[in-house]
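Chains, contacts and geometry: an overview
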2 protein chains.
Amino acid sequence: MKILPDKTVERLSQYRRALLICRAENKTHIFSHELAGLIHITPVQVRRDIMLIGYTGTLRKGYDVHELISLIGRIIDTEEGLRVCVVGIGDLGRAIIRYFKGKRTKLVITAAFDANPEKVKCVYSGVPCYPIDQLETVIKEQGISIAILTVPGEVAATVGQTLEKAGIKGIINYTPTPLNVSENTYLGGYDMITSLEKAAYFVKSNREM
Amino acid sequence: MKILPDKTVERLSQYRRALLICRAENKTHIFSHELAGLIHITPVQVRRDIMLIGYTGTLRKGYDVHELISLIGRIIDTEEGLRVCVVGIGDLGRAIIRYFKGKRTKLVITAAFDANPEKVKCVYSGVPCYPIDQLETVIKEQGISIAILTVPGEVAATVGQTLEKAGIKGIINYTPTPLNVSENTYLGGYDMITSLEKAAYFVKSNREM
DNA sequence: TTTGTATTGTTAGTTTATTAACAATAAAAC
DNA sequence: GTTTTATTGTTAATAAACTAACAATACAAA
Ligand SMILES: NC(=O)c1ccc[n+]([C@@H]2O[C@H](COP(=O)([O-])OP(=O)(O)OC[C@H]3O[C@@H](n4cnc5c(N)ncnc54)[C@H](O)[C@@H]3O)[C@@H](O)[C@H]2O)c1
Ligand SMILES: NC(=O)c1ccc[n+]([C@@H]2O[C@H](COP(=O)([O-])OP(=O)(O)OC[C@H]3O[C@@H](n4cnc5c(N)ncnc54)[C@H](O)[C@@H]3O)[C@@H](O)[C@H]2O)c1
């Protein structure tokens, strides 16, 4: 399939999240305007995205929830799955591991890493925690390709380097430290302060009107 | 000032984060390409954003770090500040409170709420936790205008309603539950699974090439 | 002094993303 | 059986975001 627009990929993920909830509620079909409402966008956008991935719904009946979930899976997920690790098991790292637990079968957190010897022996929501100096070994052994970075900001840059050296293909960086990675490593992540400040700007502008 | 593009506001927040680090390192001036490198965008974009907010740097010397920080503050922040609360003090809520601690003076978390009586008495990183049934009272008393929602998904919709009733103007929803709020309440938030799935799609597409 | 270089500010151009519009048509209403 | 309505799929139009290009110019080097 042709490469999809960035924003469409992002929305596909959101669609799936919403559709999984629908499926859990035994809903078999959904209209474009319903799906749109769930994630606060327009129905046109939904239809356009769905067109882009080559799916067609049934007129006056909507989209088949199961089929759509499965198609989005075929687009976003890989056949054999991708493995993910979390580096830095503080509050944020733990929250993320718990949040992921059991959510996906094709994108699984299989390892955690920490520098603190106390944490290293433990298993968090089913994910074993290894000492940070085994990072490279474990990543290669398990074939992990994506890392979520939740270490303290001061050590983030160093750990980032190590991750790249270990062969990681994508990093989601939640630390406030800018990472310096090579061109072909995907870099994601966002800052909660930025989310808040956007909200603040909106609230401010709204009040002035 | 004319309303700024959404993306520019987002980047202004990121610029400030980077600039604050620079200031801490006693850097007084910064070039567009340096600032760009820190957040992985192009220098042109930096210059354009800075043009939009009406600032001008010094030729061959770059932008004054202090001045730029202060100008971004005047744009994003409000004169008298905005108050923020966190609803649901689990791992994620705590991580957020800690992350914010002391970071901003114009955007301050002043209250937390939880349903668990054990947590209610405590103070988290300087933020007192109130019982959820005092939500409306405390929000009105303290003049809180933005809420960060980190309760379990099952209760999110209900709590969202209450927040709106209490006069909240913006909600950052980190739960996976779609919220149903009125038109003029700002709604933000981000899903970490979506971040990951975007990364996965990228890694997958890259490999196929 | 003159020339060359680095860097800003800005305009115009391009690409990407969103929205509007509407033909097609299945189902429902009459 | 005919008309109306709701909904999809798609194309065309608009808007937003980004990028390229370059004039202007301060500073450094020659
Ligand atoms: N992006 C955001 O919006 C956001 C929000 C909250 C926190 N954060 C950031 O996320 C990071 C983690 O936050 P937290 O609240 O969980 O912090 P935390 O201090 O609770 O956790 C950090 C963990 O990293 C471990 N660690 C320290 N050095 C390490 C190393 N060299 N290698 C591996 N592990 C190491 C520590 O033992 C600890 O368990 C921080 O950088 C914080 O600033 C970002
Ligand atoms: N957006 C994301 O990427 C992301 C990541 C991680 C977690 N989450 C979500 O964030 C939420 C919190 O995650 P967590 O790991 O901190 O969960 P958690 O279970 O540790 O925390 C939830 C807290 O909410 C409190 N609570 C329960 N009912 C409440 C109510 N009615 N009013 C107020 N407080 C109430 C609980 O006492 C608990 O302290 C969950 O919905 C989770 O799915 C989202």
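Look above for the structure.
Computed from a prediction, not measured in an experiment: that's the story for all the values here.

**Observations regarding the interface of chain A and chain B**
Contact residues are listed per partner, giving 64 residues for chain A and 64 residues for chain B. Overall, the association of chain A and chain B removes approximately 6100 Å² of surface from exposure, summing both partners, and the carbon and sulfur fraction of that is 66%. When the buried area of chain A at its contact with chain B is split by residue, A:Leu196, A:Glu197 and A:Tyr201 rank highest and sum to 12% of it. Viewed at the interface, chain B and chain A are joined by 14 salt bridges. A salt bridge links A:Arg104 to B:Glu197; its shortest N-O distance comes to 2.5 Å. Inspection of the chain A/chain B interface yields 30 residue pairs in polar contact (both at pLDDT 80 or more). It is helix α9 (residues 192-208) of chain A that provides the largest number of residues to the side of chain A that touches chain B, a total of 16 residues. Here the side of chain A that touches chain B is composed, by residue class, of 33 nonpolar, 11 polar and 20 charged.

**Observations regarding the protein's contact with DNA strand D**
Near DNA strand D, the surroundings consist of 23 residues, among which A:Ser32, A:Thr56, A:Gly57, A:Arg60 and B:Arg11 are the closest. The sugar-phosphate backbone supplies 53% of the atoms of DNA strand D found within 4 Å of the protein. Residue assignment for the surface near DNA strand D shows that the elements contributing at least two residues are α2 (32-38) and α3 (43-52) of chain A together with α1 (6-24) and α3 (43-52) of chain B. If you tally residues by element for the surface near DNA strand D, the top one is α3(B), at four residues. Looking at side-chain class alone, the surface near DNA strand D contains seven nonpolar, eight polar and eight charged residues.

**Quick notes on the pattern of salt bridges**
Opposite charge on two side chains allows them to pair when their charged atoms are near. For the structure on display, the rule yields 24 salt bridges over all chains. With a shortest N-O distance of 2.3 Å, A:Asp91 and B:Arg98 are connected by a salt bridge. Here A:Asp91, found in helix α5 (residues 91-100), pairs with B:Arg98, found in helix α5 (residues 91-100), and the two come from separate chains. Take B:Arg98: its relative accessible area is 46%, and that puts it in the partly exposed class. The salt bridge partner of B:Glu80 is A:Arg207, with a shortest N-O separation of 3.3 Å. Of this pair, B:Glu80 sits in the loop between α4 (65-76) and β3 (82-87) while A:Arg207 is found in helix α9, placing the two residues in two different chains. Salt bridges sharing common partners tie together A:Arg16, A:Asp77, A:Arg104 and B:Glu197.

**A few points about the protein's contact with DNA strand C**
Not every one of the 23 residues close to DNA strand C is listed here, only the nearest: B:Ser32, B:Arg47, B:Thr56, B:Gly57 and B:Leu59. If you look at DNA strand C and keep only atoms within 4 Å of the protein, 55% of those are sugar or phosphate atoms. A:Arg60 has a polar side-chain atom sitting 3.2 Å from a base nitrogen of DNA strand C. For DNA strand C, a phosphate oxygen lies 2.9 Å from a polar atom in the side chain of B:Tyr63. Among the secondary structure elements, those contributing two or more residues to the surface near DNA strand C are α1 (6-24) and α3 of chain A together with α2 (32-39) and α3 of chain B. The leading source of residues in the surface near DNA strand C is α3(A), at four residues.

**Topic: the environment of B:Asp191**
Here B:Asp191 shows up in the loop between β9 (186-188) and α9 (192-208). By relative accessible area, B:Asp191 is classed as buried at 8%. In sequence terms B:Asp191 and B:Val9 are 182 residues apart; their C-alpha atoms lie 20 Å from each other. Aside from chain neighbours lying at most four places away, what touches B:Asp191 is A:Arg17 and A:Tyr99. Reaching out from B:Asp191, the side chain makes a polar contact with the side chain of A:Arg17 at a distance of 2.4 Å.

The rules behind the values
- Residues numbered from 1 in each chain as written.
- Chains lettered and ligands numbered in written order.
- Predicted model: local features only at pLDDT ≥ 70, side-chain atom pairs only at ≥ 80, totals over all residues.
- Heavy atoms only, no water.
- Contact = heavy atoms within 4.5 Å.
- Buried area = accessible area lost by both parts, 1.4 Å probe.
- Salt bridge = Lys/Arg side-chain N within 4 Å of Asp/Glu carboxyl O.
- Polar contact = N/O pair within 3.5 Å; in protein donor to acceptor, adjacent residues only side chain to side chain.
- Helix = DSSP H or I, 4+ residues; strand = E, 2+ residues; numbered from the N terminus.
- Nonpolar A, V, L, I, M, F, W, Y, C, P; charged D, E, K, R; others polar.
- Near = heavy atom within 4 Å.
- Buried < 20%, exposed > 50% of the residue type's maximum accessible area, 1.4 Å probe, protein only.

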